[in-house]
Amino acid sequence: MSSQEISKESLPSEQDTAHGTAVAENPFADPGLPPHKPRIQDIDERAAKRSERTVALLFTTSMLATVAFIASFVIFPVDQIVYVWPLGHVSATNLSLGLTLGLALFCIGAGAVHWARTLMSDHEMADDRHPIEATPEVKAKVMADFADGARESALGRRKLIRNTMFGALAMVPLSGVVLLRELGPLPEKKLFHTAWSRGKQLINMNTNEPLRPEDIVVGSLTFAKPEGLEEDDHEFNTEIAKAALMIVRILPEDIKDKRELEWSHDGIVAFSKICTHVGCPISLYEQQTHHVLCPCHQSTFDLSDGARVIFGPAGHALPQLRIGVNDEGFLEALGDFPEPVGPAFWERG
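The name recorded for the protein in an unreviewed UniProt entry is Cytochrome bc1 complex Rieske iron-sulfur subunit, from Streptomyces ficellus. Recorded under Sequence similarities (unreviewed entry), the UniProt text for the protein is reproduced unchanged: "Belongs to the Rieske iron-sulfur protein family." Listed in UniProt under the heading Subcellular location (unreviewed entry), the comment for the protein reads: "Cell membrane".

Undergrad: Is there a simple way to think about the overall build of the protein in this case?
TA: Counting its regular elements, the protein contains ten helices and 13 strands. By the burial criterion, 34% of the 349 residues in the protein qualify as buried. Long-range contacts, defined here as pairs at least 24 residues apart, represent 62% of the contacts in the protein between residues at least 6 apart. For the protein, the computed accessible surface area is about 22,200 Å², with 59% contributed by carbon and sulfur atoms.

Undergrad: Even after reading the chapter, I still don't get the UniProt feature "transmembrane region" (unreviewed entry) in the protein, so can you show me in this structure?
TA: UniProt's feature table lists "transmembrane region" (unreviewed entry) at residues 55-76, 96-116 and 160-180, given in the numbering used throughout. Its end C-alpha atoms 30 Å apart, residues 96-116 is made of 100% helix and 0% strand.

Undergrad: What should I look at first to understand the sheet that holds strand β11 (residues 320-321) in this one?
TA: Sheet strands associate in pairs through backbone hydrogen bonding, adopting either a parallel or an antiparallel arrangement. The sheet built from five strands is open, its strands ordered β3-β4-β5-β6-β11 with antiparallel pairing. Only two strands of the sheet have a single partner each, and these edge strands are β3 (202-204) and β11. Taken together, the three bridges between β3 and strand β4 (residues 221-226) define a ladder with antiparallel strand orientation. Pairing of Leu202 across the sheet is with Pro226, part of β4.

Undergrad: Could you clarify how one ought to interpret helix α4 (residues 92-118) in this entry?
TA: In an α-helix there are 3.6 residues to a turn, and that puts residues three or four apart on one side. The terminal C-alpha atoms of α4 lie 38 Å apart, and with 27 residues this matches the ideal 39 Å at 1.5 Å per residue to within 8%. Listed in full, the buried residues belonging to α4 are Ala92, Thr93, Ser96, Leu97, Thr100, Ala104, Cys107, Ile108, Gly111, Trp115 and Thr118. Where the residues of α4 are buried, they touch α2 (40-43), α3 (45-75), β1 (81-84), β2 (88-91) and α6 (159-171).

Undergrad: Quick question: what am I supposed to make of the sheet that holds strand β9 (residues 300-302) here?
TA: Spatial ordering of the open sheet is given by β7-β8-β9-β10, a layout of four strands whose pairing is antiparallel. The sheet is open, and its two borders are formed by β7 (284-286) and β10 (308-311), each paired with just one other strand. Here the average twist between neighbouring strands, direction ignored, is 30°. As defined by bridge partners, strand β8 (residues 291-293) adjoins β9 across three bridges and the pair is classed as antiparallel. Across the sheet, Val292 pairs through a bridge with Phe301, a residue of β9.

Undergrad: Could you clarify how one ought to interpret the packing of α3 against α4 in this entry?
TA: In helix packing, the relevant descriptors are the interaxial angle and the interaxial distance, both defined with respect to the helix axes. Contact pair α3 / α4: the axes reach a minimum separation of 8 Å and the direction vectors enclose 165°. In terms of orientation, α3 and α4 fall into the roughly antiparallel class. Relative to α4, α3 is oriented so that their crossing is left-handed. Along the lines of polarity and charge, the residues of the contact of α3 with α4 split into 16 nonpolar, eleven polar and no charged.

Undergrad: How should the state of the cysteines be read in this particular structure?
TA: Put plainly, a disulfide is one covalent bond tying together the sulfur atoms of two cysteines. Applying the stated criterion across every chain, the model contains one disulfide. For Cys280, the disulfide goes to Cys296, at an S-S distance of 2.1 Å. Across the S-S bond linking Cys280 and Cys296, the dihedral sits near -105°, which makes this disulfide left-handed. Here Cys280, found in the loop between β6 (268-272) and β7, pairs with Cys296, found in the loop between β8 and β9; they are 16 residues apart in sequence, far enough to count as distant.

Undergrad: Looking at this structure, how should I read the pairing of β4?
TA: Two faces, one strand: in a regular strand the side chains alternate between the faces of the sheet. Summarising the sheet, β4 and strand β5 (residues 245-249) pair through four bridges and their orientation is antiparallel. For Thr222, the partnering residue across the bridge sits in β5 and is Ile247.

Undergrad: For this particular structure, what's the right way to read the pairing of β1?
TA: Two strands pair when backbone bridges link them, and β1 and β2 are joined in this way by four bridges, in the antiparallel orientation. Note that in β2 the partner of Val84 across the bridge is Gly88. The hairpin formed by β1 and β2 contains three residues between the paired strands.

Undergrad: Can you walk me through the side chain of Thr276 in this structure?
TA: Along the chain, Thr276 falls in the loop between β6 and β7. Judged by relative accessible area, which is 3%, Thr276 ranks as buried.

Undergrad: Just to check I follow, could you spell out the environment of Thr276 for this structure?
TA: For the pair formed by Thr276 and Gly342, sequence separation is 66 residues and the distance between their alpha carbons is 5.0 Å. A polar contact of 2.7 Å, which involves the side chain of Thr276, links it to the backbone oxygen of His316.

Undergrad: Would you mind showing me how to read a negative patch on the surface here?
TA: The grouping of Glu231, Asp232, Asp233 and Glu235 at the surface amounts to a negative patch. Mapped onto the fold, Asp233 is located in the loop between β4 and α8 (236-243).

Undergrad: Is there a simple way to think about the environment of Lys256 in this case?
TA: Along the chain, Lys256 falls in the loop between β5 and α9 (258-262). Among the residues examined, Lys256 registers a relative accessible area of 59% and is labelled exposed. Residues Lys256 and Leu303 lie 47 residues apart in sequence; the distance between their C-alpha atoms is 9.3 Å. Residues within four places of Lys256 in sequence aside, it is in contact with Asp302, Ser304 and Asp305.

Undergrad: When you look at the environment of Gln287 in this model, what are you seeing that I'm missing?
TA: Here Gln287 shows up in the loop between β7 and β8. With a relative accessible area of 41%, Gln287 lands in the partly exposed category. Put simply, Gln287 and Leu303 are 16 residues apart on the chain and 9.9 Å apart in space, counted from C-alpha to C-alpha.

Reading guide: rules and limits
- Residues numbered from 1 in each chain as written.
- Predicted model: local features only at pLDDT ≥ 70, side-chain atom pairs only at ≥ 80, totals over all residues.
- Heavy atoms only, no water.
- UniProt positions renumbered as here; feature names shortened; annotations may be inferred.
- Helix = DSSP H or I, 4+ residues; strand = E, 2+ residues; numbered from the N terminus.
- Buried < 20%, exposed > 50% of the residue type's maximum accessible area, 1.4 Å probe, protein only.
- Contact = heavy atoms within 4.5 Å.
- Areas by Shrake-Rupley, 256 points an atom, 1.4 Å probe, with all protein chains shown as cover.
- Pairing = 2+ DSSP bridges.
- Expected span 1.5 Å × (residues − 1).
- Axes fitted to C-alpha atoms, helices over the stretch in contact; angles between N-to-C directions.
- Parallel < 35°, antiparallel > 145°, perpendicular 65-115°, else oblique.
- Left-handed = near helix turned anticlockwise from the far one by under 90°.
- Nonpolar A, V, L, I, M, F, W, Y, C, P; charged D, E, K, R; others polar.
- Disulfide = S-S within 2.5 Å.
- Polar contact = N/O pair within 3.5 Å; in protein donor to acceptor, adjacent residues only side chain to side chain.
- Patch = residues over 30% accessible without salt bridge, like charges linked within 9 Å, V, L, I, M, F, W, Y side chains within 5 Å.
- Salt bridge = Lys/Arg side-chain N within 4 Å of Asp/Glu carboxyl O.
- Lys, Arg positive; Asp, Glu negative; His and termini not counted.
- Charge placed at Lys NZ, Arg CZ, Asp CG, Glu CD.

What follows is the structure, encoded as structure tokens:
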């Protein structure tokens, strides 16, 4: 269809054109605020009381959920698994902590929203933009608006809401305080002691058999663990990380340190296998010099001289374990290490 075939009826009239021009002149005209409509709570005190009790109930539920969170933390073992349909097998601790903490936070938010929508003033106000700097008049207006807002929120008059809200807000942080307990186990005296004690036999790590003095020959390096510590134990990795032992036999006349000689048995000496730098297991032994080398950062210890550091970044000597022979002829510990084993203990302690 050509432009000549368009009828006059289909063309915009002058009135429409004039109206369109007027709209185009100010397409973003301010329509103003809609007329205010009162809520049921504004005109019926009984409805306001119901909303007040609803908000208080939500805040109270939040407090109870916080108490349940703490109780769940104490009651459920960390390794307990339960079946919950349709989730399947889940951790009882994780499920209970997540549900109770989520409920506590949700009830605080829901209570605040319900309070704002039903009881606080809902009059919409428009204010002109003003310079960034605050003049004394603006400060006075802000304080007056704050006072008006506080008064219109009915916080002073609705004491039930106020008290339950403060209670909920005060108790929710307790969940975070309880969670701090799970940042790690309390050290107590665990860093000062290992699985070694007087009378525990030295067990060969390779054969899992008790060691006799004749099993240790000059120039050899043997690794041992405490009697009763098995690889399928739940705490095996934690305990062996502190109790791992290396045993060498040195001719008594080659031992330079007096205490090392006293704590040995016929030249058999036992030292911690854990490097005092960053905790790597020491496994390289040079029988001519009696030096052991840590493979990680080349810290070198002299086992003939109290396992003192002669090279590398290690901070102190390897702790020695005092050993002897029991009535059955097996090597045994005569106590625990005299000092904590492992890396950087003094900086951590």
